[in-house]
Amino acid sequence: MMTATPIDPLYTIFEQHLFNFQDPNSDRKAFIEAVVKDYLSQMRRMGLNVPGEWEGHISEELSFQVNTMLVKKIYGCLTINEYQEKVTPTQKKTARTRYRRLQTAKKAA
């Protein structure tokens, strides 16, 4: 029997932001910052705190990772909006379900 591999919370949050991106005037940097901010907030809610003196370095590394995920995910599309046009309702629903589970897990932790 196969068990489901847990999905990294950073990817879950990234996917939720990507599939529900609403601001066509927002640039890549703002998108990445929003994902990192949401991720750090999620980690705090789960009881994992980042020391203040390390937060800048960790945010920088997370930004690099999110940018890499974004480049790989939207490869061949010029914008996030162009990518969203290709996303199926099933993909959006799966991402929303994963995000809700992550949000619920933080309350149980």
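Whatever comes next refers back to the structure up there.
What you are looking at is a predicted structure, and each value in this text was computed from that prediction instead of being measured.

J.: I keep staring at the environment of Ala 95 and nothing clicks. Help me out?
T.: Counting through the fold element by element, Ala 95 comes out in helix H5 (residues 89-108). Relative accessible area serves as the criterion here: at 1%, Ala 95 is assigned to the buried category. Measuring from C-alpha to C-alpha, the distance between Ala 95 and Ala 30 comes to 21 Å, with 65 residues separating the pair along the chain. Beyond its immediate chain neighbours, meaning those up to four positions away, Ala 95 contacts Glu 15, Gln 16 and Phe 19.

J.: Is there a simple way to think about the nonpolar core in this case?
T.: Among soluble globular proteins, nonpolar side chains are generally buried collectively. Residues Phe 14, Leu 18, Phe 31 and Val 66 are the most contacted members of the largest nonpolar core, which totals 25 residues. Sorting the residues of this core by element identifies helix H1 (9-19), helix H2 (28-45), helix H3 (52-73), helix H4 (80-84) and H5 as the ones contributing at least two each. Here the element with the most residues in this core is H2; it accounts for 7 residues. Excluding residues that lie within four positions of it along the chain, Phe 31 makes contacts with Phe 14, His 17, Leu 18, Phe 21, Ser 26, Leu 70 and Ile 80.

J.: Explain H2 to me, please; I cannot follow it from the model alone.
T.: Along an α-helix, residues three or four apart share an orientation, since each turn contains 3.6 residues. For H2, which comprises 18 residues, the first-to-last C-alpha distance of 26 Å matches the rise-based estimate of 26 Å (1.5 Å per residue) to within 8%. At the exit of H2 stands Gly 47, carrying a positive phi of roughly 90 degrees.

J.: How do you make sense of the side chain of Gln 84 when you look at a structure like this?
T.: Within the fold, Gln 84 resides in helix H4. What makes Gln 84 buried here is its relative accessible area of 14%. In this structure the side chain of Gln 84 is engaged in a polar contact, spanning 2.9 Å, whose partner is the backbone oxygen of Leu 18. Once you skip the residues sitting within four places of it in the chain, Gln 84 turns out to touch Leu 18, Phe 19, Asn 20 and Phe 21.

Cut-offs applied
- Per chain, the residues get numbers from 1 upward, laid out in the order the sequence is written.
- Under the rules for a predicted model, residues below a pLDDT of 70 receive no local features and side-chain atom pairs below 80 are neither given nor counted, while totals for whole chains, interfaces and linings still include all residues.
- Working from all heavy atoms in the structure, the side-chain values ignore hydrogens and water.
- Here a helix means four or more residues in a row that DSSP labels H or I, a strand means two or more in a row labelled E, and each is numbered from the N terminus.
- When a residue's accessible area, from a 1.4 Å probe over protein chains only, is under 20% of the maximum for its type it is buried; when over 50% it is exposed; and in between it is partly exposed.
- It only takes one pair of heavy atoms within 4.5 Å for two residues to be counted as in contact.
- For the purposes of this section, nonpolar cores are sets of buried Ala, Val, Leu, Ile, Met, Phe, Trp, Tyr and Cys residues that join through side-chain atoms within 4.5 Å.
- A helix is expected to span 1.5 Å multiplied by its residue count minus one.
- Pairs of N or O atoms are called polar contacts if they sit within 3.5 Å, as long as, within protein, a hydrogen donor faces a hydrogen acceptor (for residues adjacent in sequence, only side-chain-to-side-chain pairs).

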